[in-house]
Amino acid sequence: MIITIDGAVGTGKSSVAKALARDLGFIYVDTGAMYRCITYAILKHHIDINDSAALTEFLKNFQYSVKIKLGERFYFVENEDVTLKIRSAEITNAVSKISALPAVRENLVALQRRAAVGVNGIFEGRDMGTVVFPDAQLKIFLTGSPEVRAARRFKELREKFPEDTENLTVEEVLKDINARDDSDSTRAISPLKQASDCCVVDTSNLTIDDVVLKILEFKDTIRARQATSH
Ligand code: DC
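Residues numbered from 1 in each chain as written. Predicted model: local features only at pLDDT ≥ 70, side-chain atom pairs only at ≥ 80, totals over all residues. Heavy atoms only, no water.

Here we come to the overall build of the protein. In terms of helices and strands, the protein carries nine helices and eight strands. Computed over C-alpha atoms, the radius of gyration of the protein comes to 18 Å, within 12% of the 17 Å expected from 2.2 N^0.38 for 230 residues, which places it in the range of a compact globule. In terms of overall dimensions, the protein has a C-alpha envelope of 55 × 40 × 40 Å along the principal axes. Within the protein, buried positions represent 45% of all 230 residues. Taking contacts inside the protein between residues at least 6 apart in sequence as the whole, the part at least 24 apart equals 74%. A total of about 12,200 Å² of accessible surface is found on the protein, and carbon and sulfur atoms cover 52% of it. A gap of 4 Å separates the mean positions of the 31 positive and 33 negative side-chain charges of the protein. (Helix = DSSP H or I, 4+ residues; strand = E, 2+ residues; numbered from the N terminus. Rg over C-alpha atoms; globule rule 2.2 N^0.38 Å. Buried < 20%, exposed > 50% of the residue type's maximum accessible area, 1.4 Å probe, protein only. Contact = heavy atoms within 4.5 Å. Areas by Shrake-Rupley, 256 points an atom, 1.4 Å probe, with all protein chains shown as cover. Lys, Arg positive; Asp, Glu negative; His and termini not counted. Charge placed at Lys NZ, Arg CZ, Asp CG, Glu CD.)

Quick look at the structure:
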């Protein structure tokens, strides 16, 4: 069974997907981290994204892997542990532009589909239910007010990067969230949008556990519907 979870920044996607995967014993794939890893490698190798031959050559050789230690995920690019680096402001600022490149998306979508073969999985991102897994059995779309999402993201950044974020304000994070919402949902290919057959959950006033429970309810309903239709 494939469950997709899509939604904007700060809707709780990653925490929900992780908790759900643990509850169900499913694998969990954070596709945003994949876009962040590729962005890291493009910046590291100074690839000119307007040079299509150079980009194609780079994508052919791009190596990325995930290792799980004690339930935590560690991301590697060419054997370098980039787990923390891919969450930095430099990568966050560059990833929207790089994830909008058709060649980059084609490469990662192929990897995502390969990861889904023969497994029960939860795939989290922006276009999981619309483009990558249009036939997924359960599609979740998380929403939330920009203010609540900015407050969550601010807390997360302060905890992860206490020194770099000493002067950061919630207002700045809110501005960044609005800008990213805009670019993620208006880009030409695979914009962030709800699949016609998705279940929408507004997470503004819900805890992670509340959201997980709702998704488990949707899953049971779908199972019951399938059982009665056979
Ligand atoms: O979820 P995140 O903030 O880690 O995602 C990082 C970026 O990658 C974000 O700008 C949107 C983009 N992304 C995407 O275009 N498609 C996905 N399936 C996942 C993320």
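So, next bit.
Turning our attention to the site of the ligand. Residues in contact with the ligand amount to 17 residues; listed here are only the nearest, Arg-36, Arg-105, Asp-127, Arg-180 and Arg-187. The contact in question runs from an oxygen atom of the ligand to an N or O atom on the side chain of Arg-105, over 2.9 Å. Between Asp-127 and the ligand, the recorded distance is 2.9 Å, taken from a side-chain N or O atom to a nitrogen atom. Protein chains bury 96% of the 450 Å² of accessible surface belonging to the ligand in isolation. (Near = heavy atom within 4 Å. Polar contact = N/O pair within 3.5 Å; in protein donor to acceptor, adjacent residues only side chain to side chain.)

Attention now moves to the nonpolar core. Grouped together as the largest cluster of nonpolar side chains are 32 residues, with contacts concentrated most on Ile-38, Phe-58, Phe-62, Val-104 and Phe-133. For this core, the elements supplying multiple residues, two or more each, are helix 2 (31-44), helix 3 (52-61), strand 4 (72-77), helix 4 (89-99), helix 5 (102-115) and helix 6 (128-132). The greatest single-element share of this core, amounting to eight residues, is contributed by helix 2. Phe-26, Ile-140, Val-211 and Ile-222 belong to the second-largest nonpolar core, a separate cluster that totals 20 residues. (Core = buried A, V, L, I, M, F, W, Y, C linked by side-chain atoms within 4.5 Å.)

On to the pattern of salt bridges. Once their charged atoms are close, side chains differing in charge can pair, the charge on each being opposite to the other. Overall, the coordinates contain 13 salt bridges when judged by the stated rule. Between Lys-85 and Glu-80 there is a salt bridge, with the nearest N and O atoms lying 2.6 Å from each other. Relative accessible area serves as the criterion here: at 39%, Lys-85 is assigned to the partly exposed category. Counted as one network, the salt bridges with shared partners bring together Lys-44, Glu-78, Glu-80 and Lys-85. (Salt bridge = Lys/Arg side-chain N within 4 Å of Asp/Glu carboxyl O.)

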